[in-house]
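# A structural walkthrough
Here is what each chain is made of, one letter per residue.
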Amino acid sequence: MAITVNTIQKYKNNNEKFSVLTAYDYSTAKYIDEAGIDIILIGDSLAMTALGYETTHAIGIDEMKIFTKAVAKGVKNALVVTDMPFMSYHTDISTAIKNCGEMIKNGANAVKIEGFSEYILEAVKRLTQSGIPVMGHLGFTPQFLNTLGGYKIQGKTHDAAEEILKQAKELEKAGAFSIVLEMVPQESAKYITENLTIPTISCGAGRYCDAQVLVCDDVFGKFSDFTPKFARKYGDMKSLIFECAKKYNDDVKSGKFPSDAEVF
Ligand code: KIV
């Protein structure tokens, strides 16, 4: 880790944009770290992209530990942040500290927790005091899919944007070092960003946030079950994997693989 929470705060202070991208395995983490990504997030989106679940709810602390360890091993420069999975930090503060601490022991430099309540504020405060930096997550929070009633844009009205800003300010006061804003209209996210001292990270919240985050499988064009409107595809890994597997399959079946150079 060369990038720390202090570097992230300096970016905000200097009005410098930074990048956040998810990774779930060692080699992807290594390559995106070498590409200069500032924060590598082991997002619980891996429940869908890597494990094939329909939502993020099914993934647990043991799986997140394995993916965190793999990613952390590949990273030399970026700040490594792990998503705390559903119900791993909600029951009581000591369980939250224990579970978040496990992620730090497995190589993360910080954790991300979703939502807002008096309890979450207390958890952020106690985690930070325990040496665990916390990234908040407001707006659309996938772990609250059932209470929010679906994938809905949040903070659409002036009052709703004010409410998110109020929550963000409380999280900032409790010690959060940054806040993801997911599926928030660009103008609301701008207003929130301008009124915080810690950086905001846009996940479909427009260009005025201090940083952008995307899911690596969307960026690489690998995950094809669905792609959110705000994601940009920079490659076509799905086709690449298909082509490679197809050529290999053909070569094995036609006897072209292995060649003389590939045998002992
Ligand atoms: O799970 C995830 O990947 C996330 C980001 C997209 C913010 O929470």
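Bear in mind that the values here come from a model prediction, so they are computed numbers and not experimental data. (Residues numbered from 1 in each chain as written. Predicted model: local features only at pLDDT ≥ 70, side-chain atom pairs only at ≥ 80, totals over all residues. Heavy atoms only, no water.)

## Quick look at helix H4 (residues 61–74)
- The terminal C-alpha atoms of H4 lie 20 Å apart, and with 14 residues this matches the ideal 20 Å at 1.5 Å per residue to within 8%.
- Taken residue by residue, H4 has Met 64, Phe 67, Thr 68, Val 71, Ala 72 and Gly 74 as its buried positions. Seen from one end, H4 has its buried residues packed into an arc of 150°, which puts them on one side. Facing away from the buried surface of H4 by more than 90 degrees, the exposed residues are Asp 62, Ile 66 and Lys 73.
- The secondary structure elements touched by the buried residues of H4 are helix H2 (26–34), strand S2 (39–42), helix H3 (46–49), strand S3 (79–83) and helix H5 (93–105). (Helix = DSSP H or I, 4+ residues; strand = E, 2+ residues; numbered from the N terminus. Expected span 1.5 Å × (residues − 1). Buried < 20%, exposed > 50% of the residue type's maximum accessible area, 1.4 Å probe, protein only. Arc of directions from axis to C-beta. Contact = heavy atoms within 4.5 Å.)

## Some remarks on the domain arrangement of the protein
- As assigned here, the protein comprises domain 1 (5–233) and domain 2 (236–264).
- Of note, the centres of domain 1 and domain 2, computed from C-alpha atoms alone, are 38 Å apart.
- Taken residue by residue, the interface counts 5 residues in domain 1 and 4 residues in domain 2.
- When the two sides are added together, the surface that domain 1 and domain 2 hide from each other amounts to roughly 390 Å², 63% of it contributed by carbon and sulfur.
- One can count 4 residue pairs in polar contact (both at pLDDT 80 or more) joining domain 1 with domain 2.
- Split by residue class, the side of domain 1 that touches domain 2 holds 1 nonpolar, 2 polar and 2 charged. (Domains from an automatic or database assignment. Buried area = accessible area lost by both parts, 1.4 Å probe. Polar contact = N/O pair within 3.5 Å; in protein donor to acceptor, adjacent residues only side chain to side chain. Nonpolar A, V, L, I, M, F, W, Y, C, P; charged D, E, K, R; others polar.)

## A short note on the sheet that holds S3
- Read once around its circumference, the closed barrel built from 8 strands follows the order S1-S2-S3-S4-S5-S6-S7-S8, with strand pairing classed as parallel. Neighbour-to-neighbour, the strand axes of this sheet turn through a mean angle of 25°, independent of strand direction.
- Here helix H8 (residues 158–174) sits on the sheet in contact with strand S5 (134–139) and strand S6 (178–182), set at roughly 170° to S5. (Pairing = 2+ DSSP bridges. Axes fitted to C-alpha atoms, helices over the stretch in contact; angles between N-to-C directions.)

## What about the site of the ligand?
- With respect to spatial proximity, the complete set of residues near the ligand consists of Thr 22, Leu 41, Gly 43, Asp 44, Ser 45, Asp 83, Lys 112, His 137, Cys 203, Val 213 and Val 215.
- One of the side-chain nitrogen or oxygen atoms of Asp 83 is found 3.1 Å away from an oxygen atom of the ligand.
- The side chain of Lys 112 places a nitrogen or oxygen atom 2.9 Å from an oxygen atom of the ligand.
- Protein contact buries 94% of the 260 Å² of open area that the ligand shows by itself.
- Split by residue class, the shell around the ligand holds 4 nonpolar, 4 polar and 3 charged. (Near = heavy atom within 4 Å. Areas by Shrake-Rupley, 256 points an atom, 1.4 Å probe, with all protein chains shown as cover.)

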